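# Examination of the molecular architecture
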Amino acid sequence: GGEDEDIEEYIHVEEQFYYLEYIISILGIIHALLSFCMLIAYYNLKIPLAIFKREKEVARKMEFDGIYISEQPEDDNLKGHWDKLVISAKSFPVNYWDKFVKKRVREKYSETFEFDALCEILGMEKSAIPSEKSEETGIIATLKSIDWRYQLWKIGVTVTDNTFLYLLFYFIFSVLGNYNYFFFAAHLIDVAVGVPALRIILQAITYNGKELVLTVGLLSIVCYIYTVLAFNFFREFYVAEGEEGEDPDQKCHDMFTCFVFHLYQGVRAGGGIGDVIEPPDGADNEFVRIFFDISFFLFIIVILLAIIQGFIIDAFGALRDQLQGVEDELSNNCFICGIGKDYLDGIPHGFDIHVQKEHNLANYLFFLMYLINKDENDYTGQETYVWNMYQERCWDFFPAGDCFRKQYESELGGGGG
């Protein structure tokens, strides 16, 4: 009876190294606290920026493309359908600076749609006179004042943020690691996340995530079809003789076991299901079984698994080329005017001075932020021109293909002629 009991295992630490246990415990607690601080910092510093970008994206789609008004998102666009929830939220937008986007959308589509319908879609008051504020106080009044629709949408945006989810699981595994050091091994993946070259490998897996999931689903369906065929016609080949005194090993005695065997053993086998079951030599249905094995190998191993591998490899190549293309574009061309480095290096000061002083991207961003925060009544003529173009999302005020040095050369050429 004693042999059947599980033997307890102990980790023995030499007496002179007794302090290691306390050091590891303290480091584990510090690691959990740091990971919690990282999660809180990201939620307070980065999530508001993510909310701002999402509100900006929704507002622009609604204003310029008529999404949610004249058009609806595609059926498989889960992100678009979730954003539809916030359109009728009374407090939307919160982080986005343009607070009058709903009013402009209502004015733009007022001739096409009924006024009351637009107000209901946008969550706006139908009357120009604001409704009277409730005089209730206390917890109930506070709960009523909260825009729960917007808060629910905000929670959805937060929990679908990849970095937030990564930091959340990072913190959970850090806490669990204080109970079992095994969980600290998961934090080694932070090396791949922190190095851009390795991060592309992780992104390649999720780049075609939808196609990968659908292909895996198709593989499971095809595998199930072969399970049905095997269970009804080839079950005798799935019985392996056991050792002396043991029952035969039946791998396909019920549908669930048979399906799991095909999915686990058949898909992993290099030659398909035929490599892990009894050979058909001398059987009455030998030729049918041969066709069964070959077709399984062809459709699942050669085609479907190759498609899954192709998705990952193609995504890795596309992400790598995209990253390299952006680096080459920024290092060889001015982001503002698009003039190449070869031309700018042939004139005084060269390419580096041009992108740092003459066409510095930060200066253009600061100028737009200056216009956003400035009262429109105080605009100069040039500022009004740029602001109107920005409102229409027209970027013709950027000097594409032109700069002062090029204009100066043109004037000299014209004068010499």
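So, a few notes on the structure that sits alongside this text. This one's a predicted model, so the numbers in the text were calculated from it and none came from an experiment. (Residues numbered from 1 in each chain as written. Predicted model: local features only at pLDDT ≥ 70, side-chain atom pairs only at ≥ 80, totals over all residues. Heavy atoms only, no water.)

### Details of the state of the cysteines
- Going through the model one piece at a time under the given rule, you end up with 1 disulfide.
- Disulfide pairing is shown between Cys252 and Cys258; the S-S distance is 2.0 Å. Looking along the S-S bond of the Cys252-Cys258 disulfide, the torsion reads about -75°, which is the left-handed sense. Across the pair, Cys258 and Cys252 agree in class, each one buried. (Disulfide = S-S within 2.5 Å. Buried < 20%, exposed > 50% of the residue type's maximum accessible area, 1.4 Å probe, protein only.)

### Focus: helix 5 (residues 115–122)
- Within helix 5 the residues assigned to the buried category are Leu118, Cys119 and Leu122. Along the long axis of helix 5, the arc covered by the buried residues comes to 100°, so they all point the same way. (Helix = DSSP H or I, 4+ residues; strand = E, 2+ residues; numbered from the N terminus. Arc of directions from axis to C-beta.)

### Description of the packing of helix 3 (residues 78–87) against helix 7 (residues 148–159)
- Helix 7 packs onto helix 3 with a crossing angle of 150° between their chain directions and a minimal axis gap of 8 Å. With respect to their mutual orientation, helix 3 and helix 7 come out roughly antiparallel. In terms of crossing hand, the pair formed by helix 3 and helix 7 is left-handed. From helix 3, Trp82, Asp83, Leu85 and Val86 reach across to helix 7, where they touch Arg149, Tyr150, Leu152, Trp153, Gly156 and Val157.
- Within the contact of helix 3 with helix 7, the residues separate by chemical class into 7 nonpolar, 1 polar and 2 charged. (Axes fitted to C-alpha atoms, helices over the stretch in contact; angles between N-to-C directions. Parallel < 35°, antiparallel > 145°, perpendicular 65-115°, else oblique. Left-handed = near helix turned anticlockwise from the far one by under 90°. Contact = heavy atoms within 4.5 Å. Nonpolar A, V, L, I, M, F, W, Y, C, P; charged D, E, K, R; others polar.)

### Topic: the packing of aromatic side chains
- Tallied over the entire structure, the rule returns 22 aromatic pairs.
- Aromatic pair Tyr226 and Phe296: ring centres 5.2 Å apart, planes at 85°, arrangement edge-to-face. Of this pair, Tyr226 sits in helix 11 (residues 209–233) while Phe296 sits in helix 13 (residues 286–332), and the two are 70 residues apart along the sequence.
- The class for Tyr226 is buried, based on a relative accessible area of 8%.
- Judged by centre distance (5.7 Å) and plane angle (35°), the rings of Trp387 and Tyr390 are tilted. Taken as a pair, Trp387 and Tyr390 lie in helix 17 (residues 381–391) at a separation of 3 residues, close to a single helical turn. The pair formed by Trp387 and Tyr390 is uniform in burial state, with each residue classed as buried.
- The aromatic ring of Phe231 is capped on one face by Arg235, whose charged end is 4.0 Å from the ring centroid.
- Stacked on the ring of Tyr264, the Lys or Arg Arg268 has its end atom at 4.2 Å from the ring centre. (Phe/Tyr/Trp six-rings, centres within 6.5 Å; stacked < 30°, edge-to-face > 60°. Lys NZ or Arg CZ within 6 Å of the ring centre and 35° of its normal.)

### Details of the pattern of salt bridges
- In total, this model carries 6 salt bridges according to the counting rule given.
- Lys79 is the partner of Glu57 in a salt bridge, and the nearest nitrogen-oxygen pair spans 3.5 Å. Residue Glu57 is located in helix 2 (residues 47–65), and its partner Lys79 is located in helix 3; the two are separated by 22 residues in the primary sequence.
- Looking at Glu57, the relative accessible area reads 27%, which means it is partly exposed.
- For Lys79, a relative accessible area of 39% gives the class partly exposed.
- Arg289 is paired through a salt bridge with Asp293; the nearest N and O atoms lie 2.8 Å apart. Of this pair, Arg289 and Asp293 both sit in helix 13, 4 residues apart, which is roughly one turn of that helix. The burial state of Arg289 is the same as that of Asp293; both residues are buried.
- Through salt bridges with shared partners, a single network forms among Glu57, Lys61 and Lys79. (Salt bridge = Lys/Arg side-chain N within 4 Å of Asp/Glu carboxyl O.)

### Concerning the environment of Val222
- Mapping Val222 onto the fold places it in helix 11.
- As a C-alpha pair, Val222 and Leu304 span 82 residues in sequence and 9.6 Å in three-dimensional space.
- When residues no more than four places from it in sequence are discounted, the contact partners of Val222 are Ile300 and Leu304.

### Digging into the environment of Gly66
- Inspection of the secondary structure assignment puts Gly66 in the loop between helix 2 and helix 3.
- Take Gly66: its relative accessible area is 0%, and that puts it in the buried class.
- Along the chain, Gly66 and Tyr109 lie 43 residues apart, while their C-alpha atoms are 8.6 Å from each other.

### Here we look at unusual backbone geometry
- Residue Phe92 is joined to Pro93 through a cis peptide bond whose omega torsion reads -5°.
- Within the secondary structure, Pro93 is located in the loop between helix 3 and helix 4 (101–108).
- With phi around 75°, Tyr68 is a residue other than glycine that occupies positive phi space.
- Structurally, Tyr68 can be placed in the loop between helix 2 and helix 3.

### So, the side chain of Thr158
- In this structure, Thr158 sits in helix 7.
- Residues in contact with Thr158, not counting those within four places in the same chain, are Tyr43, Ile47 and Phe164.

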